Amino acid sequence: MAELGLYEGLALLQRRAGRARVAIYAFAATFSLMAACEAARAAGIIDLDVPGPVLLPAVGVYLSSSVAYLTSVVFIAMWLYRAHANLVAAGVDGLEFSPGWSVGWYFIPIANLFKPFQAMRELWTNSHNIADGFGAEAPHQLSLWWGTFIVGNMLTNMSSRFDNREGASANQVGAMLDLLGALTIVACSIFLLRIIRDVTGAQQSIVGLSKTFA
């Protein structure tokens, strides 16, 4: 497959940003519903082990949130790859992350705790033509996005330990952790929407192009 030129890449980035935004909105909506289910589970209204009138709708929410999550992962990865590829097409020097690895680092254990953030930071600063020296403070929105991403996943992983234990108290703790995790991940998705909007806008801007992609 031939590499796209910069202007073709910018047009493709715009389309992929739109798809990613729709996928993230769907993800945030389903995770908000899942958070409501977890609140009901923590309050004892829903018991996933006991059949009842609310069980089927709750299971539907959990399944739809899983589908929305996987869909958003695909579309975000496509946007991320193209945004980094545009930097390469523009001839930006000194890039540490290739388009492929800007996505691939999310799937490498341990490294996925910091490498994706570094790649996003590189994308942000180069798209906005911002100097980013060693030790400089990261842009505020990037720190919020990555902080909520890490905390949300930690809470979700912690909840699974309680969900596998017997007893009402363990289930309630697991449900509360799932609730907090879902709300944190929803916040993360909102910050990511802003990043996608700002990076796409910076790369599309004529003024930004004249400075960044000269």
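Residues numbered from 1 in each chain as written. Predicted model: local features only at pLDDT ≥ 70, side-chain atom pairs only at ≥ 80, totals over all residues. Heavy atoms only, no water.

Let's talk about the environment of Glu96
Structurally, Glu96 can be placed in the loop between helix 2 (55-89) and helix 3 (99-104). Relative accessible area serves as the criterion here: at 53%, Glu96 is assigned to the exposed category. Along the chain, Glu96 and Gln118 lie 22 residues apart, while their C-alpha atoms are 9.2 Å from each other. Sequence-distant contacts of Glu96, that is, excluding residues within four places in its chain, are made with Lys115, Gln118 and Glu122. (Helix = DSSP H or I, 4+ residues; strand = E, 2+ residues; numbered from the N terminus. Buried < 20%, exposed > 50% of the residue type's maximum accessible area, 1.4 Å probe, protein only. Contact = heavy atoms within 4.5 Å.)

Things to note about the packing of aromatic side chains
Scanning the entire structure with this criterion turns up seven aromatic pairs. Judged by centre distance (6.4 Å) and plane angle (75°), the rings of Tyr106 and Trp146 are edge-to-face. Here Tyr106, found in the loop between helix 3 and helix 4 (115-127), pairs with Trp146, found in helix 5 (residues 140-163); they are 40 residues apart in sequence, far enough to count as distant. Connected via pairs of aromatic rings, a cluster forms that spans Tyr106, Phe117, Trp145, Trp146 and Phe149. (Phe/Tyr/Trp six-rings, centres within 6.5 Å; stacked < 30°, edge-to-face > 60°.)

Re helix 2
Helix length check: helix 2, at 35 residues, gives a terminal C-alpha distance of 51 Å against a target of 51 Å (1.5 Å per residue), a fit within 8%. Backbone geometry just downstream of helix 2 places Gly91 in the positive-phi region, at approximately 80°. (Expected span 1.5 Å × (residues − 1).)

A word on the confidence of the model for the protein
Any residue range with low pLDDT should be treated as having predicted coordinates unsuitable for detailed reading. Taken as a whole, the protein shows an average pLDDT of 85; of its residues, 84% reach a score of 70 or greater. For the protein, the element scoring lowest by mean pLDDT is helix 7 (residues 206-212), at 47; helix 3 scores highest, at 96. Segment residues 207-214: pLDDT under 50, and 19 contacts once partners within four positions in sequence are set aside and those in other chains are kept. (pLDDT = per-residue confidence, 0-100.)

Digging into the pattern of salt bridges
Going through the model one piece at a time under the given rule, you end up with four salt bridges. Taking the shortest distance from any N to any O, the salt bridge between Arg41 and Asp178 comes out at 3.3 Å. Residue Arg41 is located in helix 1 (residues 6-42), and its partner Asp178 is located in helix 6 (residues 168-204); the two are separated by 137 residues in the primary sequence. Given a relative accessible area of 12%, Arg41 falls into the buried group. Bridged by salt links that share partners, the residues Glu38, Arg41 and Asp178 form one connected network. (Salt bridge = Lys/Arg side-chain N within 4 Å of Asp/Glu carboxyl O.)

Some details on helix 1
Spanning 37 residues, helix 1 covers 51 Å between terminal C-alpha atoms, matching the ideal 54 Å at 1.5 Å per step. One or two steps after helix 1, the chain reaches Gly44, where phi turns positive at roughly 85°.

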